Amino acid sequence: MENEYRIALAGNPNTGKSTLFNALTGLRQHTGNWAGKTVSLAKGSLAFKEKTFHLIDLPGTYSLFSNSTDEEVARNYIVFEKPDVTLVVLDATSLERNFNLALQVLEMTKNVVVCINLIDVAEQQGIHINERLLTNRLGVPVIKISARNKKGFPMLLDTIDRIVTGAIECNPVQLKYPEEIEEKIRQIEPKVLEVVGNQISSRWVSLRLLDGDATLLDEISKRLIREEVWE
Ligand SMILES: Nc1nc2c(ncn2[C@@H]2O[C@H](COP(=O)(O)OP(=O)(O)OP(=O)(O)O)[C@@H](O)[C@H]2O)c(=O)[nH]1
Ligand SMILES: [Mg+2]
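Residues numbered from 1 in each chain as written. Chains lettered and ligands numbered in written order. Predicted model: local features only at pLDDT ≥ 70, side-chain atom pairs only at ≥ 80, totals over all residues. Heavy atoms only, no water.

A few words on the packing of aromatic side chains. Taken as a whole, this structure holds two aromatic pairs when the rule is applied. Ring plane angle 65 degrees and centroid distance 6.4 Å describe the contact between tyrosine 5 and phenylalanine 53, whose orientation is recorded as edge-to-face. On the criterion of sequence distance, the pair formed by tyrosine 5 in strand β1 (residues 4-11) and phenylalanine 53 in strand β3 (residues 51-57) is long-range, its members being 48 residues apart. Just as tyrosine 5 is buried, phenylalanine 53 falls in that class too. Through pairs of rings, three or more aromatic residues link up here, namely Tyr5, Phe48 and Phe53. (Phe/Tyr/Trp six-rings, centres within 6.5 Å; stacked < 30°, edge-to-face > 60°. Helix = DSSP H or I, 4+ residues; strand = E, 2+ residues; numbered from the N terminus. Buried < 20%, exposed > 50% of the residue type's maximum accessible area, 1.4 Å probe, protein only.)

In structure tokens form, the structure reads like this:
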């Protein structure tokens, strides 16, 4: 719908996604880890500059492959439901570990904002984060926030707004793999592109094919290929 945008929140467990979601939407939602159960996604919305942002709180995961239902749910949402913007919420006190997931999201989708949360705790620990340098290196906006103290929200919302209006263009950095893998990507990517078109990143699908991720292949044939055949 016009002026309505879907914003997904992804990140490692315990990085403050639900705290951010609650603070922005005014909803109270408690999430736990529901291993093995159907994962339901919390949804809520907020108004900003004559727009409505619908927030989707994805399950917290350490990666976005096919290792668990949580990972599949989060991955499928980002890749197939295609939110207008994906916020990756990182824990400022363990950035190195958290960047793993951020880099995965940057391979999957274009419009990403990296939110470095728990900045209050990091500052207490004497950790300084240069968000401009990170923005340049990652090719997407990096914003420092404290979800619990509602710090950094104006900048975050303004950045989301500028992405959806096209005022900011994201150019997510793509990891370079060893030449052997890059060569295989060059071989299969053109064929992948024929199947998925510009609906999903063909580079990302090629990488998953090299992983032998059969669950993802099933998902692609269910969600994309049939649609195209029947269109
Ligand atoms: N000090 C501080 N604590 C925070 C901040 N944001 C979140 N927390 C705390 O971090 C803990 C985890 O927050 P959640 O919002 O539940 O994290 P989550 O990412 O939704 O966790 P999962 O749903 O398990 O993936 C809670 O105790 C929050 O109160 C922050 O900016 N500063
Ligand atoms: Mg949560």
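Turning to the nonpolar core, a few remarks are in order. If you look at the biggest cluster of nonpolar residues, it comprises 64 residues, and the most contacted ones within it are Leu20, Phe53, Leu87, Ile116 and Ile200. When residues in this core are grouped by element, the largest group, seven residues, is from helix α3 (residues 95-108). A domain split of this core shows at least three residues from each of domain 1 (4-164) and domain 2 (179-230). Discounting chain neighbours no more than four positions away, the residues touching isoleucine 116 are Leu90, Ala92, Leu95, Ile129, Leu134, Val142, Ile143, Lys144 and Ile145. (Core = buried A, V, L, I, M, F, W, Y, C linked by side-chain atoms within 4.5 Å. Domains from an automatic or database assignment. Contact = heavy atoms within 4.5 Å.)

Turning to the packing of helix α1 (residues 17-25) against helix α6 (residues 153-164), a few remarks are in order. For the pair α1 and α6, the least separation of the axes is 13 Å and the interaxial angle reads 85 degrees. On the basis of their axis angle, the class for α1 and α6 is roughly perpendicular. The segment α1 lies against α6, with Leu20, Ala23 and Leu24 engaging Phe153, Leu156 and Leu157. For the contact of α1 with α6, a count of residues per class yields six nonpolar, no polar and no charged. (Axes fitted to C-alpha atoms, helices over the stretch in contact; angles between N-to-C directions. Parallel < 35°, antiparallel > 145°, perpendicular 65-115°, else oblique. Nonpolar A, V, L, I, M, F, W, Y, C, P; charged D, E, K, R; others polar.)

Another aspect to go through is the domain arrangement of the protein chain. Where interface size is given, it is often the accessible area lost as the parts come together that is meant. Domain boundaries assigned for the protein chain yield domain 1 (4-164) and domain 2 (179-230). For domain 1 and domain 2, the distance between their C-alpha centroids amounts to 25 Å. Of the roughly 1,100 Å² buried at the junction of domain 1 and domain 2 (both faces included), carbon and sulfur atoms supply 57%. On the domain 1 side of the interface with domain 2, the three residues burying the most area are Arg75, Phe80 and Glu107, jointly 45% of the side's total. Summed over the shared surface of domain 1 and domain 2, the number is two salt bridges. Arginine 75 is the partner of aspartate 213 in a salt bridge, and the nearest nitrogen-oxygen pair spans 3.7 Å. At the boundary of domain 1 and domain 2, one finds three residue pairs in polar contact (both at pLDDT 80 or more). If you list the elements that add at least two residues to the side of domain 1 that touches domain 2, you get α2 (69-81) and α3. Split by residue class, the side of domain 1 that touches domain 2 holds four nonpolar, two polar and five charged. (Buried area = accessible area lost by both parts, 1.4 Å probe. Salt bridge = Lys/Arg side-chain N within 4 Å of Asp/Glu carboxyl O. Polar contact = N/O pair within 3.5 Å; in protein donor to acceptor, adjacent residues only side chain to side chain.)

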